[in-house]
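# Close look at the chain arrangement
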Amino acid sequence: MARKKKMSTGKKVGITALAAVIVIGGVAGYATLGKKSTTSNVLNEYLPVDMTTQDLSQMTDSYAFEVAANVQQGLLSRTSSGAPKAGLAKSWSHSKDGLTWTFHLRKGLKWSNGDPLTASDFVYAWQRTVNPKTASQYAYIYSGIKNADAINSGKDKDLSSLGIKAKNKTTLVVTLEHPMPQFQNLMAFPVFFAQDKKFESSLGSKVGTSSSKQVYDGPYKFVGWNGSNKKFKLVPNKNYWNAKAVKNKGVDFQVITDPTAALALYNKGELDQVTLSTPQQIKKYKNSKNFKIYNQSQTDYLEYNQTGKVKGLTNTKIREALNLATDRKSISQSVSEGLDSAATGITPAGLALTSTGGDFAKAAAKATAYAYNIKKAKKLFAEGMKEAGLKKLTLTIEGSSDSTVTKSTLDTLQQSWSELPGLTVKEKLVPFKQRLLDQENHNFDVVLAAWGADYAEPLTFLNMFVTDGANNDGKWSNKQYDTLINNASDKDALSDTKRTADEIKAEKTLYDDSAVNPVFWVNAATLSNSKVKGVQYFSSGASYYFWNAYKK
């Protein structure tokens, strides 16, 4: 998991891949640990970008989800292996055809302010998110729930027609339009969590804009955030149904955008873990016994503005030439001492398995051939320019200024792309928030974006590029692609063999049309306090559960 789970292209351990979850017995500790981290049972964490919101209908980035997953809880939670387990719902079942799901909530649930939490709070939350007036960037993920698409598109004005009903205070019934293999996983994802209508009704657009403008039903409460400050906390929530299970006294967060400063604070014992964000840091610490690498289910990719506003980018040959002129291997080497992997598709390795048990990305790579070939790129670019009636073209590549890897990536791209005849390449670095806003408004030529998985299935990536999709910032459109994604999501959803075939064909369609440009798959190198045990680190969705962690 960016806006819409889009990631900062900076590196803090977040959404992983390969294993569903890693229980961290201290994500790699280094030698110098100060008194603060050894004497207190409070965890010390950081975010590499500013906190955005705690409005469950509006949050879109991995860091907001990280906080939300600890201060709220869904109908379902996750085991240490990543499998669904009971959350606010004590039990659940589904019909034989997979279309009707019934959830039974625990009795006596409360919000952090004492308000009772009932089944109607889930109905309100889901209706609020799909309501087009809310303009949730994540409403698309409700697709498959009865009438969600019709409501969000404005075709159905009746919010009560959404496929979620409260039979009584503790019983919810959800109706799907078609089977959804990822449905149980989604019930542990913050966009599907309950919301307190009584509390939110007077706040309007201010919901979640500070920690005091939200209430919480999870293991912690969020405190101390005024909407822009750099330090805030998670503190145990006495109204949480299983408050006795919280094994620490809370989590202190601070925003640290400078990776050098973050590492220094870690070595002083003021942070319990740190991501090594530069090649120099990785090289220095890679032989430490506490150095660990996590395969993140994140793809950093280039998206082209194909709205027609940018000359040349609606031409397939020009886009193909840009893809061919992208030296993925050199980029991945330069940003992480070779720990990152050159992408062979939009879906990263380690995220999901095929119907035969192999890695999906490896299988899809047989249908794609992303490669660096500057000679072929020059030829295609000249042909594309002629077709587009252009003699010269200037393209600006935009990226996040608060990322440690963006500048080197853009520099490498600028160097190789500038070899294409008639092309001038410029760089534009803006803060992460601004990059997300520019993507949403299609205010870019080419943008270096990043996406982390919401759930462990290729559709979490492939869904981004359907026609008029909420995450299709480049506005690429292909009917064959739309059909493949629709089939994988609907009629072929319960057939692993057919769904995998659809998804591999979709990857090939992206490649054949040079719709986007996958650059590298992200791995994360970390150090952490070896005295911290029990942090759960997941492969998709929100990245961390902290409440089982403690300092030994």
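As a reminder, the structure under discussion sits directly above these lines.
Residues numbered from 1 in each chain as written. Predicted model: local features only at pLDDT ≥ 70, side-chain atom pairs only at ≥ 80, totals over all residues. Heavy atoms only, no water.

Right, let's get into the packing of helix H10 (residues 328-336) against helix H13 (residues 406-417). One can describe the packing of H10 onto H13 by two numbers: an axis separation of 9 Å at closest approach and a directional angle of 150°. Considered as vectors, H10 and H13 are oriented roughly antiparallel to each other. Helix-helix and strand crossings are classified by hand; for H10 and H13 the assignment is right-handed. Where H10 approaches H13, its residues Ile331, Ser334 and Val335 are matched on the opposing element by Ser408, Thr409, Thr412 and Leu413. Taken together, the residues of the contact of H10 with H13 sort by class into 3 nonpolar, 4 polar and no charged. (Axes fitted to C-alpha atoms, helices over the stretch in contact; angles between N-to-C directions. Helix = DSSP H or I, 4+ residues; strand = E, 2+ residues; numbered from the N terminus. Parallel < 35°, antiparallel > 145°, perpendicular 65-115°, else oblique. Left-handed = near helix turned anticlockwise from the far one by under 90°. Contact = heavy atoms within 4.5 Å. Nonpolar A, V, L, I, M, F, W, Y, C, P; charged D, E, K, R; others polar.)

Reading across the sheet, the 4 strands line up as E5-E6-E8-E7 and stay open at both edges, with antiparallel pairing between neighbours. Among the strands making up the open sheet, the edge pair consists of strand E5 (89-94) and strand E7 (164-168). Sheet twist, expressed as the average angle between the axes of neighbouring strands with direction ignored, equals 20°. The pairing of strand E6 (residues 100-105) with strand E8 (residues 171-175) spans 5 bridges and is classified as antiparallel. Within the sheet, the bridge partner assigned to Phe103 lies in E8 and is Leu172. Lying on the sheet, helix H3 (residues 119-130) is in contact with E6, E7 and E8; it crosses E7 at an angle near 165°. (Pairing = 2+ DSSP bridges.)

A few words on the nonpolar core. Judged by nonpolar contacts, the single largest core of 101 residues is most densely connected at Phe103, Phe122, Trp126 and Phe192. With 7 residues, helix H2 (residues 62-71) is the largest single contributor of residues to this core. Counting residues in each nonpolar core, the second largest holds 32 residues, with Tyr304, Val310, Leu324 and Phe520 among its members. (Core = buried A, V, L, I, M, F, W, Y, C linked by side-chain atoms within 4.5 Å. Buried < 20%, exposed > 50% of the residue type's maximum accessible area, 1.4 Å probe, protein only.)

In an α-helix, one turn spans 3.6 residues, which is why side chains three or four residues apart end up on the same side. Turning to H10, its buried residues number three or more, namely Arg328, Ile331, Ser332, Val335 and Ser336. All buried residues of H10 fall inside an arc of 95° around its axis, so they share one side. On its buried face, H10 is in contact with helix H8 (279-285), helix H9 (316-324), strand E14 (341-342), H13 and strand E18 (516-528). Following H10 by one or two positions, Glu337 has its phi on the positive side, about 55°. (Arc of directions from axis to C-beta.)

The next subject is the sheet that holds strand E10 (residues 231-236). If you walk across this open sheet you meet the 4 strands as E2-E11-E10-E9, and the pairing is mixed. Edge positions in the sheet fall to strand E2 (43-47) and strand E9 (220-223), since each has one partner strand and no second. With strand direction ignored, the average angle separating the axes of adjacent strands in the sheet is 25°. Pairing of E10 with strand E11 (residues 251-255) involves 4 bridges; the strand directions are antiparallel. Bridge pairing in E11 links Phe232 to Phe253. The strands touched by H2 are E2, E9, E10 and E11; relative to E9, the strand with the most contacts, the crossing angle is about 135°.

Quick look at the pairing of strand E16 (residues 423-430) now. As judged from the 8 bridges shared by strand E15 (residues 393-400) and E16, these two strands associate in the parallel manner. Along E16, the bridge assignment pairs Leu395 with Val425.

We now examine the pattern of salt bridges. What the rule picks out here adds up to 19 salt bridges. Among the salt bridges present, the one from Asp272 reaches Lys551, with a minimum N-O distance of 3.0 Å. Remark: Lys551 occurs in strand E22 (residues 550-551) and Asp272 occurs in the loop between helix H7 (259-267) and strand E12 (273-276); sequence separation between them is 279 residues. Each member of the pair, Asp272 together with Lys551, is buried. The residue Glu427 makes a salt bridge to Lys407 at a minimum N-O spacing of 3.0 Å. Here the residue Glu427 occupies a position in strand E16, and Lys407 occupies one in helix H13, the gap between them amounting to 20 residues. Given the relative accessible area of 43%, Lys407 is considered partly exposed. Three or more residues joined by partner-sharing salt bridges are found here, namely Lys317, Lys379, Glu383 and Glu387. (Salt bridge = Lys/Arg side-chain N within 4 Å of Asp/Glu carboxyl O.)

Tallied over the entire structure, the rule returns 21 aromatic pairs. Judged by centre distance (4.9 Å) and plane angle (40°), the ring pair of Phe65 and Phe189 falls under tilted. With a gap of 124 residues between them, Phe65 in helix H2 and Phe189 in the loop between helix H5 (183-186) and helix H6 (197-200) connect regions that are remote in the sequence. According to the relative accessible area criterion, Phe65 is buried, its value standing at 0%. Accessibility expressed as a relative area gives 1% for Phe189, which makes it buried. Ring centres 5.6 Å apart and planes at 65° place the aromatic pair Tyr138 and Phe189 in the edge-to-face group. You can see Tyr138 sitting in the loop between H3 and helix H4 (148-153) and its partner Phe189 sitting in the loop between H5 and H6, a full 51 residues away along the chain. Accessibility classification places Tyr138 together with Phe189 in one group, the buried group. (Phe/Tyr/Trp six-rings, centres within 6.5 Å; stacked < 30°, edge-to-face > 60°.)

Now for the pairing of E5. One ladder, built from 5 bridges, connects E5 with E6; its direction is antiparallel. For Ser91, the partnering residue across the bridge sits in E6 and is His104.

What follows concerns the layout of surface pockets. Of the volumes computed, that of the largest pocket is approximately 730 Å³. What lines the largest pocket is a set of 33 residues, among which Tyr140, Ser143, Asp149, Asn463 and Val466 lie closest to the centre. Considering each element in turn, the lining of the largest pocket owes the most residues, 5 residues, to helix H16 (residues 479-489). Looking at the lining of the largest pocket residue by residue, the classes come out as 11 nonpolar, 12 polar and 10 charged. Approximately 540 Å³ is the volume attributed to the second largest pocket. (1 Å grid on protein atoms, 1.4 Å probe; cavity = no way out; pocket = protein on both sides within 12 Å on 5 of 7 lines; lining within 4 Å. Points joined across faces, edges and corners; volume = space filled by probe spheres on them.)

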